[in-house]
Each structure stands twice: as structure tokens, then as C-alpha cells.
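Next come the chains, spelled out residue by residue.
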Amino acid sequence: MISREYEHSREAIFEFLLQCAEQLPHKIPFFGVLIGLINLENEDFAKDIVDTTQAKLQDALHNENRDRIRILLRFLSGLMCSKVVVPNSIIETFETLLSSAATILDEETGNPSWQPRADFYVYCILASLPWGGPELFEQVPDEFERVLVGIQSYISIRRHFDDIAFSVFETDEGHSPNKKDFMEDLWERIQILSRSGWKAKIPKPHLPFEAQLVAGKSHRLSLISCPPPNLTLTSSEILRGQEKHEADLKYPQRLRRLHIFPTNQAENMQPVDRFVVEECILDVLLFFNGCRKECAFYLVSLPVSFRYEYLMAETIFSQLLLLPNPPFRPIYYTLVIIDLCKALPGAFPSVVVGAVHALFDRISNMDMECRTRLILWFSHHLSNFQFIWPWQEWSYVKDLPKWAPQRVFVQEVLEREIRLSYFEKIKQSIEDAAELEELLPPKAGPNFKFLSDESTENTDGHKLSKELVAMVRGKKNVRDIILWVEEHVIPTNGAEFALDVVSQTLLDIGSKSFTHLITVLERYGQIISKLCPNEEMQLLLMDEVSAYWKNSTQMTAIAIDRMMGYRLISNLAIVKWGFSPANVEQFHVSDRPWEILRNAVSKTYNRISDLRKEIQSLKKGLQVAKEVSAKAIKELEEAKSVLEIVEGQPAPAERPGRLRRLQVHADKAKEEEVTTEESLEAKGALLARALEENKELLKLLFKRFVDVLTERLPAVSADGEIPNLRAGYQNVNFASQDLETATMEIDNENGADKNSEPNGQNTKNDYNVGELEQWCLCTLGYLKSFSRQYATEIWSHIAMLDEEVFVGDIHPLIRKAAFSGLCRFTNEGSQL
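This section reports on the structure supplied with the text. Keep in mind that this is a model prediction, so the values were computed, not measured.

## So, helix α23 (residues 535-548)
- The end-to-end C-alpha distance of α23, which contains 14 residues, comes to 20 Å, matching closely the 20 Å that a straight helix rising 1.5 Å per residue would cover.
- Buried positions along α23 lie against α21 (495-509), α22 (514-531), α24 (553-565), α25 (571-578) and α27 (592-641).
- The backbone nitrogen of Glu536 has a side-chain oxygen 3.2 Å away, supplied by the residue at the start of α23, namely Asn534.

Now the structure itself:
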């Protein structure tokens with residue numbers, strides 16, 4: 001039927017088949033057989049498919065479309081198995097990619113900073129071999145062996161990638177040069193496949209039709225060309241580092257395996273079979289992003305001959321926890337997991353439960369960013385299953401120290417659940433583990449300082465608060481209220497007291513809902529702005545917000561975030577407040593200060609991203625406006641230039657009405673051009689200002705990290721040995737206080753269980769990391785998280801940071817965490 005419609009709908013058929021191959025890549029072998037059978041009757045059709053695929057591959061190479069390159073190479077391998085493509089053409093394509101990869105690594109003719117692109121080319125070859133390797137081995141063994149030797153040669157000269165800064169679980173081992181990186185691991189899997197005779201458990205639908213397919217004509221591929229390497233003439237280490245970072249962003253590692261389950265529990269499969277299933281799962285997640293139900297449907301119906309629920313869970317969690325960022329928003333993976341639990345009710349829920357328990361057991365070694373993502377995912381997941389969980393299995397965490405990661409994890413999950421439901425519901429959900437009620441946050445509600453009662457209603461604060469409420473209810477305008485504050489409150493009580501009364505009262509008026517809060521800030525934000533002209537007053541304002549919403553982390557974060565959005569609080573003030581002594585003491589026991597800091601930095605960065613997008617759009621609009629204006633002016637001039645002789649004198653030949661219309665059109669086009677140009681200049685000025693703000697924010701953020709960590713980190717020993725924070729307090733020499741004093745303060749101030757040894761070492765699970773070490777681990781973990789998240793901005797200002805922040809004798813643990821997200825190569829980054 002397809003061949004009959006070929007003459008009438010050639011382009012549509014091509015587009016349909018190629019879309020199927022690209023968006024359902026796990027079915028590529030079946031599409032290959034389909035085209036192979038059509039090739040028997042219509043060679044021109046198959047030839048056009050091959051040529052179109054080659055053209056798309058060439059275009060993808062030059063546009064750096066990674067997913068299309070990878071999938072089209074697999075598609076060509078599938079066509080070769082169905083005798084549609086000549087095997088030698090595949091060999092030539094592989095050799096072209098290998099040659100380009102080797103050129104990139106050459107110091108003279110290439111640019112080793114772009115090794116991620118070279119690795120990607122070789123990865124694409126290796127990733128297609130489970131499908132095309134058996135056919136190549138059988139038909140062109142010598143040429144195929146030459147390709148494998150070339151790959152071995154490339155693997156031997158490339159630089160090893162050390163992904164320890166991007167690992168989900170942190171260790172104290174430092175660099176691990178003996179550990180295989182992703183490319184070395186994949187090459188080893190392919191070598192095992194080669195030694196087993198290229199036998200992989202993948203669909204081979206071409207085998208039943210082999211006797212027919214061999215009669216078809218095989219077509220040659222045109223030679224492809226790879227874009228030349230990005231040459232660099234600089235010897236600057238910073239510029240080279242920026243190039244490496246740019247290359248990492250353009251060619252990121254697709255998967256970092258997360259081995260959650262023990263080998264005796266997960267499915268038993270050959271190394272290459274695991275890789276093939278992982279590729280299929282990642283492809284489905286990629287192409288069905290935004291279509292959760294279709295995604296779940298295809299995930300549970302992959303064409304493999306063995307069970308893969310455990311592997312599917314590990315792969316999805318590896319993407320959810322991928323550093324520095326998951327490929328898609330975390331909510332996407334949450335919804336997919338929910339739908340998989342519903343699609344496989346007898347199998348997948350128990351797998352998810354096992355994964356949660358396994359991750360919970362290792363939570364103390366988990367990266368802080370991953371820990372936060374896991375908390376957000378788990379609380380959302382439970383909200384879709386009536387908050388049912390065997391909490392009694394985790395009831396022992398109540399007896400752990402308040403800083404123990406497992407206890408903090410349960411505490412944060414419960415707090416997030418309350419955000420998604422309500423206090424009584426979550427309290428009821430843990431009734432089988434009543435011990436955990438201690439970990440529930442206080443019941444959310446305002447803490448209004450000027451709430452009237454018989455004992456306090458006659459104070460100045462209460463009287464002024466009542467007056468302000470009356471003015472708001474009486475619809476007094478903002479100017480009148482500001483005048484009242486300046487004339488009746490500040491002169492007698494001072495600016496700080498005025499801020500106390502105004503902020504608490506306005507927060508109370510807007511406390512009913514998020515919408516009420518927004519309305520109050522929009523209408524009366526000018527009053528707060530007038531009272532907070534500097535950072536000192538803004539810090540006091542945030543103290544008032546935190547005090548008013550002390551029982552609600554969510555509302556504290558929302559109020560401060562909205563105030564920043566309305567420019568009532570600066571991002572610099574938020575960073576200073578986040579590192580205030582009261583908040584610093586909470587760094588290891590609550591996510592409250594970190595959530596506010598993350599929001600502030602993220603909002604600043606998003607503002608820059610939005611401005612850049614707007615400027616890019618305006619530039620395109622300006623180009624169009626200039627073209628339209630030039631065309632309109634040209635038409636007007638041409639119309640005016642056409643003359644005719646009237647009564648012996650030259651006069652315009654065009655009618656006056658048309659000339660007027662052309663003039664109006666030209667004027668409007670010119671006005672649009674000028675307006676767009678002015679908008680572009682205005683946005684450019686805003687971007688320059690935002691970039692300067694971001695620079696100052698980055699400097700202040702890292703300076704505060706350095707300051708608080710320097711005060712608390714254990715000192716490096718005399719022989720230069722860096723302290724092991726995970727070994728427990730016994731092995732650490734504290735920099736600022738002796739061991740006995742530190743232990744006493746921890747017990748008395750933070751409420752360790754009276755029956756426990758210092759730092760909670762006699763509790764269940766025997767968590768033996770002391771509070772000071774845990775504080776250092778958490779703070780270093782968040783520093784590392786910010787470093788990875790905003791690595792591009794750090795590279796842009798690396799010289800400034802080295803000159804103004806990381807000066808003097810900086811603790812090696814601080815420097816390692818601060819620059820951990822910048823360099824992935826072994827032996828790189830030490831000079832930073």
C-alpha cells in the first residue's frame with residue numbers, strides 16, 4: 001500500500017517513516033524490515049529513504065542535534081540488516097566519525113577541550129553496534145575489525161572523565177582514576193558482546209525474511225562530513241576551561257548509572273542487554289516528554305524477552321537525580337512513576353518501595369541536591385497514593401540526633417506532605433508510628449505579634465496596628481498611609497518599630513491565602529518600600545516575615561520570594577539574611593534557609609535568561625522591521641519617481657490617494673523599526689544591570705560560604721592531611737574549640753536524647769557523625785550544588801572570584817566544593 005501511494009504522497013510518506021524511526025527508536029528493527037520488503041518491489045522508494053536519511057544525518061551533524069545523530073545511525077544500521085544499505089557504507093560512516101573524533105583530540109589540528117564531542121561520535125558508533133554489529137561481523141569482517149581497532153585506539157588516547165562531582169552518592173575517595181567512565185564502560189560491554197559472537201537479546205525481525213530480503217538491491221550512502229573542530233589560539237587556562245564547560249553543556253553524558261538494588265535482587269542480564277534496555281527507556285522518556293500516559297504505555301511494552309522492572313526503576317531514578325540537572329522537569333518523572341505503578345500494579349509499586357528503602361539507607365552519603373529532589377519526589381508520590389507508607393519501619397529515626405540525615409529526610413518529607421494536604425491528614429497517616437509525630441512541623445498558622453487580647457491591647461504597637469487596619473479597611477490611599485507613618489509612628493517610636501507594626505499588620509491582612517498576600521503587596525508594597533530603603537531595613541523586614549510565619553516554612557518562602565519579585569527586598573539582602581547566625585544554625589537540620597536562598601539565586605538567574613530570550617526575539621524583530629521599512633520606503637520612492645507630463649510640466653503619475661497610503665505605510669514601518677530599536681536598547685540596559693547584579697550576588701554568596709565554613713571546618717593537620725568529616729568527631733581536631741566544649745554545646749543546645757552518648761552515638765543505627773561534621777558536610781554539599789547549578793556564571797567571573805573571594809589560605813575542602821562543578825577531567829582544576 002505504501003509503495004502504491006509513493007508517487008502521490010512521496011514527501012508525506014518519507015516524513016512519516018522517518019518520524020516513526022526517530023520517535024519510536026525501540027521499533028527501528030521493524031521499520032527496517034518494512035522498508036526492506038518495500039525495497040523488493042520499489043527500489044527507488046528505498047533509495048530515496050536512504051538518501052533522505054543521509055541528508056538528515058548530515059544536517060544533524062552540522063546542527064549538533066545529538067539525539068537525531070544517534071538515532072539515525074541506529075536506523076541506518078537497521079536498514080543494513082534488512083539489506084537496504086551496503087555494509088561498506090556503514091563502515092565508511094563509522095570511519096568518518098572516528099577520524100573526526102581523533103582530529104578533535106589532536107593538539108595541533110584539533111581542540112582537546114572539545115573531547116565531549118569526540119566522545120559523542122564514538123559513543124554513537126558503539127551504541128549502534130548491538131543492532132548492526134552481527135551483520136557487519138558476518139559480511140565485512142576485516143573492515144569491521146578495522147573500525148574496532150580504531151575505537152580501541154581512540155579509547156587509549158582520550159582523557160579519562162572523572163564524574164565524582166556529579167555522583168549521586170558522595171565518598172571520601174577523591175579522584176578515582178581506576179574507575180571506568182561511561183565511554184570506557186560502554187567499550188568494555190561491546191568487547192564482551194564481541195567475544196560472545198555478537199549475541200544480544202534484541203529483536204531481529206529481519207531473520208525470518210532474510211531469504212527474501214537478500215534479493216533486494218542494497219544502496220550506497222553518500223559520504224558524510226563532520227563539522228571542523230573549534231580551534232583555539234588561546235593559552236589561557238580560564239578560557240580553555242570555559243571551552244570545556246561549553247563542550248560539556250552541548251554534549252552532556254546521557255546517563256550516569258544509579259545502582260540502587262543489589263545484584264541478586266535486580267534482573268540478571270548480560271552487560272550489553274542492560275545498555276540496550278537503558279537506551280530504549282531513555283528514548284521513550286525523551287520522545288514522550290509531556291505525554292505521561294503514552295510514555296508509561298511504551299515503557300511497559302518494550303520489545304525485550306525478559307523482565308526489566310528493576311532496571312526501569314533504576315534508569316528513571318538515575319534521570320530524576322541526574323546532576324547538575326535532569327533532562328526534564330522532575331514533575332515529569334514523578335508522573336511517569338505514578339502511571340507505571342498503575343500500569344503494573346502487581347510489580348512496579350513493590351520495586352518503587354524497594355528503591356525508596358535502598359536510597360533511604362544511603363541518604364547520609366547522598367548529594368544534597370539529590371536529597372532535596374528525592375524529598376520533593378517522595379512527598380508528591382505519596383500524595384497520589386493517599387499518603388500510605390509503612391512509617392513504622394522508620395520510626396527509629398526519632399531517636400537519632402536532630403542533625404542525622406535520615407531523621408531530617410523524614411522530617412522534610414512530612415513537612416512537604418502537609419503542603420500538599422493538611423496537618424490532620426498527615427498526622428493521621430503516621431498513626432501507626434506515633435513516635436514520628438515529634439517530627440511534624442507546628443500546625444501552620446500566623447504568629448501575629450499584635451493580636452489583641454486583654455493583657456496587651458493597650459500597648460502602642462497594638463493601637464497603631466488597629467489604626468493601620470482601619471485605614472486599610474477604609475480604603476485610604478497609599479500616600480495617606482505613608483504620611484501617617486511618617487508623621488505619627490516614626491517620630492515617636494522610630495523607623496524599626498514602624499516597620500515592625502506595618503509589616504506584621506500587612507502580613508496579617510494578607511494571611512488568608514496566597515492571593516490575599518499578593519493583593520496586599522501590590523496595593524501597599526510602596527509603604528514597605530518606603531520603610532526599607534537599605535539592606536539593613538530589608539534584613540529586619542525578613543526577620544518580621546520569618547517571625548510572623550515561623551510555623552509555616554512554605555509561607556515564609558513565598559512571602560520573601562514575592563517581596564523580591566516586587567523589588568521590596570534585594571537578592572543581596574536575602575543572601576545576607578540566609579547566612580545570618582540564626583539561619584546558619586539551621587543549615588543541617590532544616591531546608592528552610594536553603595529553600596529561600598535557592599529561590600533568590602534562581603529568580604536572579606531566570607531574570608537574566610528571560611532578558612536574553614527577549615533580546616534575541618527583539619533582534620529578529622528588528623531585522624524584520626528594517627526589511628519591512630526598507631521595502632516600504634523603496635515602494636514609496638518608486639511610486640514618486642514615476643512621472644507624466646501634464647500641461648507641459650512633469651507630475652507624479654500615481655494617484656494622490658495611493659501615494660498617501662504608501663507614505664502612511666512607510667511612516668508606520670519606520671516608527672515600528674524605531675520602537676523596536678528603542679526596546680532593544682532598553683532591554684540591553686536591563687540585561688547589563690541584571691548581569692552586574694548577578695556578579696555581585698555570586699561574589700556575596702561564595703564569600704558567605706567561605707566565611708561560615710572557614711569558622712567551623714576542622715583544620716588541616718600539620719602534615720597536610722585533609723580531615724575526613726565522615727569518620728566521626730573522634731578523628732577530628734576542631735579549629736576553633738576543643739572537643740569537650742563542642743560536645744557539651746551540641747548536647748545542651750540541640751536536644752540530643754538524654755540516654756544517648758554525645759552526638760547521638762548510642763542511638764539506633766549508630767549514626768556516629770557529630771553535629772559539627774554534619775553541619776560542614778551539609779554546607780559543603782550545598783556549596784557544591786550552587787557550583788554545579790551556576791557553573792556558566794562562575795566561569796564568567798572566575799578571575800573576580802579568585803581575586804576577591806578565594807584569596808589567602810582557603811581550606812582545601814572549600815575550594816574543592818566551590819569548583820567541583822567546573823572540571824570533569826582528571827588532573828584538571830587543581831590550579832583553580
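## Quick look at α24
- In a regular helix each residue adds 1.5 Å, so 13 residues correspond to 18 Å; α24 covers 18 Å between its end C-alpha atoms and thus fits that length.
- Among the residues making up α24, those that are buried are Thr553, Met555, Thr556, Ala557, Ala559, Ile560, Asp561, Met563 and Met564.

## Topic: the packing of aromatic side chains
- This structure, assessed with the given rule, holds 36 aromatic pairs.
- An angle of 20 degrees between the planes, with centres 6.4 Å apart, marks the rings of Phe786 and Tyr790 as stacked.
- Seen in terms of ring centroids, Phe806 and Phe819 are 5.0 Å apart; in terms of plane orientation they differ by 50 degrees. Their pairing is tilted. Residue Phe806 is located in the loop between α32 (798-804) and α33 (812-818), and its partner Phe819 is located in the segment after α33; the two are separated by 13 residues in the primary sequence.
- What makes Phe806 buried here is its relative accessible area of 4%.
- Of the residues examined, Phe819 reaches a relative accessible area of 7% and is grouped as buried.
- Members of the aromatic cluster, joined through ring pairs, are Phe579, Phe587, Trp594, Tyr605, Phe705, Trp775, Tyr782, Phe786 and Tyr790.
- Cation over ring: Arg117 sits above Trp114, and NZ or CZ is 5.3 Å from the ring centre.
- The side chain of Arg362 reaches across the aromatic face of Phe169, ending 3.6 Å from its centre.

## Some words on empty space enclosed by the protein
- On inspection of all chains with the given rule, the structure shows five cavities of 30 Å³ or more.
- Considered as a void within the structure, the largest cavity measures approximately 140 Å³ in volume.
- In terms of lining, the largest cavity is formed by 18 residues, of which the most central are Met368, Arg371, Val408, Glu412 and Tyr782.
- When contributions to the lining of the largest cavity are tallied by element, the ones reaching two or more residues are α16 (368-383), α17 (405-420) and α30 (771-789).
- Looking at side-chain class alone, the lining of the largest cavity contains eleven nonpolar, four polar and three charged residues.
- Each pocket or cavity is described by its volume, and for the second largest cavity that value is around 50 Å³.
- If you go around the second largest cavity, the residues you meet are His26, Pro29, Trp131, Lys201, Ile202, Pro203, Val276, Cys280, Pro303 and Val304.
- Of the residues in the lining of the second largest cavity, the class split is eight nonpolar, one polar and one charged.

What counts, and where the lines are drawn
Residues numbered from 1 in each chain as written. Predicted model: local features only at pLDDT ≥ 70, side-chain atom pairs only at ≥ 80, totals over all residues. Heavy atoms only, no water. Helix = DSSP H or I, 4+ residues; strand = E, 2+ residues; numbered from the N terminus. Expected span 1.5 Å × (residues − 1). Contact = heavy atoms within 4.5 Å. Polar contact = N/O pair within 3.5 Å; in protein donor to acceptor, adjacent residues only side chain to side chain. Buried < 20%, exposed > 50% of the residue type's maximum accessible area, 1.4 Å probe, protein only. Phe/Tyr/Trp six-rings, centres within 6.5 Å; stacked < 30°, edge-to-face > 60°. Lys NZ or Arg CZ within 6 Å of the ring centre and 35° of its normal. 1 Å grid on protein atoms, 1.4 Å probe; cavity = no way out; pocket = protein on both sides within 12 Å on 5 of 7 lines; lining within 4 Å. Points joined across faces, edges and corners; volume = space filled by probe spheres on them. Nonpolar A, V, L, I, M, F, W, Y, C, P; charged D, E, K, R; others polar.

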